[in-house]
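Structural overview for review
Read off the chains here:
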Amino acid sequence: MASEKHILVALVANKPGVLNRVASLFRRRGFNIESITVGHTEKEGISRMTIVVNGDSATVEQVRKQLDKVIDVIKVHDITQDSVVDRELALIKVKTTSANRSEIIQIVDIFRANIVDVASDSLIVEVTGDEEKLNSLFRLLGSFGIREIARTGRLAMTRGIPAS
Amino acid sequence: MRLTGAQIICESLIKEGVEVMFGFPGGSLLPFYDTLPQYPQLRHILVRHEQGAAHAADGYARAAGRAGVCCATSGPGATNLVTGIANAYLDSSPVIALTGQVARPFIGKDAFQEIDITGITLPITKHNYVVMSAAEMANVLKEAFHIATTGRPGPVLIDVPRDVFVEEAEFHYPAKVDLPGYKPILRGHAAQIKKAARLINEAQRPVIISGRGVVISRAYEELRELAEKAQIPVITTLLGISSFPENHMLSLGMLGMHGMAHANMAVNEADLVIAVGMRFDDRATAKVSAFAPKARIIHVDIDPAEIGKNVRVDVPIVGDARDVLKDLNKEVITRARLDWISQMEAWRQCHPPRIVREGDDLIPQYVIHSICEVTEGNSIIVTGVGQHQMWSAQCFCYKKPNTLISSGGLGTMGFELPAAIGAKVGCPGETVWCVAGDGGFQMTIQELATVAQEKTAIKIAIINNGFLGMVRQWQELFYGRRYVATPLSGPDFVKIADAYGIPAMRVRTRLEVIPAIQKAMEHSGPFLIDFVVEPEENVYPMVPPGAALADLIEAPRTELVAPGSDRVSE
Ligand SMILES: Cc1ncc(C[n+]2csc(CCOP(=O)(O)OP(=O)(O)O)c2C)c(N)n1
Ligand SMILES: [Mg+2]
């Protein structure tokens, strides 16, 4: 079966150790996490994890079921097939000289990204978007020299009816 | 009512119907132990090693069908529990493990005897807790018992910092739990049940494979009804043994690596496998790609994650074995499958179960067979791991529900003695035979002191082959008979028993076997028999590692003699 990226959304009880339980499960069963993000939800005491995993659908189904077994995990959805909005935020520190600064600013504008810090020999660019957009920006800025990248990992939400 | 954390634990245990716990004290547990005299209805059994406490709680849980409780102090006490907790986890046994922890201000400081036991046991517990205030205690205990005993049972660990035992809080035992992430499904999906019934009604050569889930949900009657109504032979996994009477016409015994030949052949030829409360462990399926090659598979399990994990399934049904079988029985039609049943009978004639080779030599199969004969099958058998375990599975005719207690998933040597103690404490009215390997017995031999102190009237049969027998068998068959690190010398088990004050005797010939077992049975307290058996006897049939169920090696046919039939027709 073909290996592909799946997006799992897990609603979990906001209790100490819950991230550890989830991460430990992935390690123990040999599943690979591509990215994981955690944050509060609209409901108090409930956090939301967005987990991107690589695997064929049988493996990912096993991941989903194993996650569901964790007592503190309230609900897990595989939203890969759904129509979703997915976003990631990245901070990129790019090397600059006075000669190329305006060219960089132009690229940043095209991507509707922001420059959030300016130093004499570098800039920090903040960009939000889906994976494709982020990757093209990395590629373009790469030619100027990238010092550092920080990425949040993907967040995803089903359009219309919420994954409750 | 304001109580201390320790008192809240005791009150909660009593509310949960706990009568006994197995444990070993230490610094962080001192305030807890100091509270115990206030609760004389809670019996505490002192073990000699915390592993024994966990296995005893496990044996108790399996025999009595309710949660078993063990406790250990922080640090080494807690880590000594780990093997026992893992064992309970893999065999879905409801064990509550209570551990002491260093006081809250010391947590995270690498204080004396501080160990992250919740981190260590994360992958081997169904759930675990650190109780950071006495106010949470009652709720944690309520949840812990609920989680341990419902759905697919399993161990739950509760870690309690020393100062939480003495902290006071208002005690109020909650009536119910609030666990939005934990809702076991009991009733099978109606449409799936209909689909399964259709497959069963259409099948020409169906078999049932019954696992420990049937024992846990006590679905004996429902399983029997299905088998009899639809005339389907019943095969069991190792831990499914005693979910169906083995003297029944439709019983084919155990499948798998050391399963009955006819059971393995039946799976190989079947056009439908109805798997109930079993998880397709590799010891049961052998080479999984060649498992039941002609069959469609119905899989009934309470744990959704088991479905589709190891084998492809045609009709999955998530639910409690008993509820699902009840519903299924309403949809299944009465059918005689004469061809299939007579095929089964023919295989059985060629490969009779529970055969014991004739002769003068003392072979282990004869010992197990004799325990069955003398007790008339009315005994709980608790085994260790290895050859004696497989002979216990093969040569005893299990007629009564829930009478085999064995370490299946983890295969823990040393399980036998403490688990037998737990089983006897849980079922004081039953005869309990501990069938031990001479190797495994030495791993938890110190629990003989527990047996003596508590006067636990278990009967111990050591199958003394002078070897780590199962490993030796593999060395013989697959490693050119090079017996590296498997020969065992001594000790004198009779003298050891004597030192603990437990009556014991040694048996070297067949003639002495039955009188010795009778003597053990007549004695009111614990009794140990050291059976010095043929050292190089092998377990057959055997499916070599990596081979398919159908490719089993059988014992040389000429040596086999079938005993009188103990089969009843139903
Ligand atoms: C704790 C543990 N260590 C090692 C093993 C590997 N092992 C499986 S069976 C066996 C031999 C058991 O010897 P014994 O208890 O004498 O039983 P026998 O096979 O001789 O009946 C060993 C070493 C195990 N299952 N458990
Ligand atoms: Mg041995």
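Residues numbered from 1 in each chain as written. Chains lettered and ligands numbered in written order. Predicted model: local features only at pLDDT ≥ 70, side-chain atom pairs only at ≥ 80, totals over all residues. Heavy atoms only, no water.

A closer look at the domain arrangement of chain A
All names here are of chain A. Rules: What marks off one domain from the next here is an automatic or database domain assignment. Every residue pair with non-hydrogen atoms within 4.5 Å of one another is taken to be in contact. Buried area, as used here, totals the accessible surface that two parts lose on assembly, with accessibility defined by a 1.4 Å probe and the loss added over both. For this analysis, a salt bridge means a side-chain nitrogen from Lys or Arg found within 4 Å of a carboxyl oxygen belonging to Asp or Glu.
Looking at chain A, the domain boundaries give domain 1 (4–82) and domain 2 (85–156). The interface is formed by 11 residues belonging to domain 1 together with six residues belonging to domain 2. Summing the contributions of domain 1 and of domain 2, the shared interface buries around 590 Å²; its carbon and sulfur component is 52%. The tally of links between domain 1 and domain 2 comes to one salt bridge. Residue Glu131 pairs with Lys5 through a salt bridge whose shortest N-O separation is 2.8 Å.

Observations concerning the sheet that holds strand S14 (residues 315–318) of chain B
All names here are of chain B. Note the cut-off: DSSP bridges decide pairing: two strands pair if at least two such bridges lie between them. Helix and strand definitions here come from DSSP, where helices need a minimum of 4 consecutive H or I residues and strands a minimum of 2 consecutive E residues; each element is numbered from the N-terminal end. Angles here are taken between N-to-C directions and fall from 0 to 180 degrees, while the axes themselves are lines fitted to C-alpha atoms, restricted in helices to the stretch in contact.
One open sheet holds the six strands; their spatial order is S11-S10-S9-S12-S13-S14, and the pairing between them is parallel. The two strands at the open ends of the sheet, each matched to only one other strand, are strand S11 (251–254) and S14. In this sheet, adjacent strand axes meet at a mean angle of 15 degrees when their direction is disregarded. Inspection of the sheet shows strand S10 (residues 234–236) paired to S11 by three bridges, in the parallel sense. Its bridge partner lying in S11, Val234 is registered against Ser251. The strands touched by helix H8 (residues 190–202) are strand S12 (272–276), strand S13 (296–301) and S14; relative to S14, the strand with the most contacts, the crossing angle is about 135 degrees.

Remarks on the sheet that holds strand S4 (residues 68–72) of chain B
Residue and element names in this part refer to chain B. Taken in spatial order, the six strands of this open sheet run S3-S2-S4-S5-S7-S6, and their pairing is parallel. Lying at the two open borders of the sheet, with one neighbouring strand each, are strand S3 (43–46) and strand S6 (127–130). Put simply, the sheet's adjacent strands are angled 20 degrees from each other on average, direction ignored.

Observations concerning the packing of helix H1 (residues 5–15) of chain B against helix H6 (residues 134–149) of chain B
Residue and element names in this part refer to chain B. What counts, and what does not: If an angle is under 35 degrees, it is roughly parallel; if it is over 145, roughly antiparallel; if it lies from 65 to 115, roughly perpendicular; otherwise it is oblique. Handedness of each helix crossing follows the sense of rotation of the near helix against the far helix: counterclockwise by less than a right angle gives left-handed, clockwise gives right-handed. Charged residues are taken to be Asp, Glu, Lys and Arg, nonpolar residues to be Ala, Val, Leu, Ile, Met, Phe, Trp, Tyr, Cys and Pro, and polar residues to be all remaining types, Gly included.
Following both chains from N to C, one finds H1 and H6 inclined at 25 degrees, their axes separated by 9 Å at the closest point. As judged from the angle between their axes, H1 and H6 are roughly parallel. In this structure, H1 meets H6 at a crossing whose hand is right-handed. Between H1 and H6, the residues in contact are Gly5, Ile8, Ile9, Ser12 and Leu13 and Ala134, Met137, Ala138, Leu141 and Phe145, respectively. Of the residues assigned to the contact of H1 with H6, the class counts are eight nonpolar, two polar and no charged.

Looking at the coordination of the magnesium ion (ligand 2)
Residues and elements named next belong to chain B. Rules: Coordinating donors are taken to be N, O and S atoms lying within 2.8 Å of the metal, or within 3.2 Å when the metal is Na, K or Ca; because water is excluded from the atom set, some sites may appear incomplete. Type-normalised accessible area, obtained with a 1.4 Å probe on protein chains alone, sets the label of each residue: buried when under 20%, exposed when over 50%, and partly exposed for intermediate values.
Coordination sphere of the magnesium ion (ligand 2), protein contribution only: Asp438 (OD), Asn465 (OD1) and Phe467 (O), at 2.0 to 2.2 Å. Expressed as a motif, the donor residue spacing for the magnesium ion (ligand 2) is D-x26-N-x1-F. Residue Asn465 shares its accessibility class with Phe467, and that shared class is buried.

Re the site of ligand 1
All names here are of chain B. Going by this rule: Nearness of a residue to a molecule or strand requires only that one of the residue's heavy atoms be within 4 Å of it. For this analysis, a polar contact is any N or O atom pair within 3.5 Å, provided that within protein one partner can donate a hydrogen and the other can accept it, and provided that sequence-adjacent residues contribute only side-chain to side-chain pairs.
Within the structure, ligand 1 sits among 17 residues, and Gln387, Asp438, Gly439, Gly440 and Gly469 are positioned closest to it. In this structure, Gly411 approaches ligand 1 through a main-chain N or O atom, which is 2.8 Å from a nitrogen atom. One of the side-chain N or O atoms of Asn465 is found 2.9 Å from an oxygen atom in ligand 1. Among the residues making up the shell around ligand 1, the classes are represented as seven nonpolar, nine polar and one charged.

As for the domain arrangement of chain B
Residues and elements named next belong to chain B. The domains assigned to chain B are domain 1 (2–170), domain 2 (190–350) and domain 3 (355–540). Put simply, the middle of domain 1 and the middle of domain 2, counted by C-alpha atoms, are 37 Å apart. Contacts between the two partners involve 10 residues from domain 1, matched on the other side by eight residues from domain 2. Roughly 700 Å² of surface becomes buried between domain 1 and domain 2 when both sides are summed, with 49% attributable to carbon and sulfur atoms. When the buried area of domain 1 at its contact with domain 2 is split by residue, Arg62, Asp91 and Arg152 rank highest and sum to 58% of it. Applying the counting rule to domain 1 against domain 2 returns two salt bridges. Residue Asp303 pairs with Arg152 through a salt bridge whose shortest N-O separation is 2.9 Å. Counting across the interface, domain 1 meets domain 2 through five residue pairs in polar contact (both at pLDDT 80 or more). In the side of domain 1 that touches domain 2, the residues fall into three nonpolar, four polar and three charged.

Digging into the pattern of salt bridges
Under the counting rule described, the total for this entry stands at 42 salt bridges over all chains. One salt bridge connects Glu269 of chain B with Lys294 of chain B, and the closest N-O pair in it is separated by 2.7 Å. In this pair, Glu269 of chain B is assigned in helix H11 (residues 261–269) and Lys294 of chain B in the loop between helix H12 (282–285) and S13, connecting sequence segments 25 residues apart. Taking the shortest distance from any N to any O, the salt bridge between Arg312 of chain B and Asp314 of chain B comes out at 3.8 Å. Three or more residues are tied together by salt bridges with common partners; here these are Lys5, Glu34, Asp86, Glu131 and Arg154 of chain A.

Describing a nonpolar patch on the surface
Residues and elements named next belong to chain A. Rule in force here: A patch is a set of surface residues, each over 30% in relative accessible area and not in a salt bridge, joined within 9 Å for like charges and within 5 Å for the nonpolar side chains Val, Leu, Ile, Met, Phe, Trp and Tyr. The method behind every accessible area is Shrake-Rupley, applied with a 1.4 Å probe, and residues are considered shielded solely by the protein chains displayed.
On the surface, a cluster of nonpolar side chains totalling about 220 Å² of accessible area is made up of Leu89, Leu91 and Val116. You can see Val116 is positioned in strand S6 (residues 114–118). On the basis of relative accessible area, Val116 is assigned to the partly exposed category, the value being 45%.

Structural notes on the packing of H8 of chain B against helix H13 (residues 321–331) of chain B
Residue and element names in this part refer to chain B. Orientation of H8 relative to H13, taken along the N-to-C sense of each, is 55 degrees, at an axis distance of 9 Å. It follows from the interaxial angle that H8 and H13 lie oblique. For the crossing formed where H8 meets H13, the hand is right-handed. Residues Ile193, Lys194, Ala196, Ala197, Ile200 and Asn201 of H8 form the contact with H13, whose own contacting residues are Val324, Asp327, Leu328 and Glu331.

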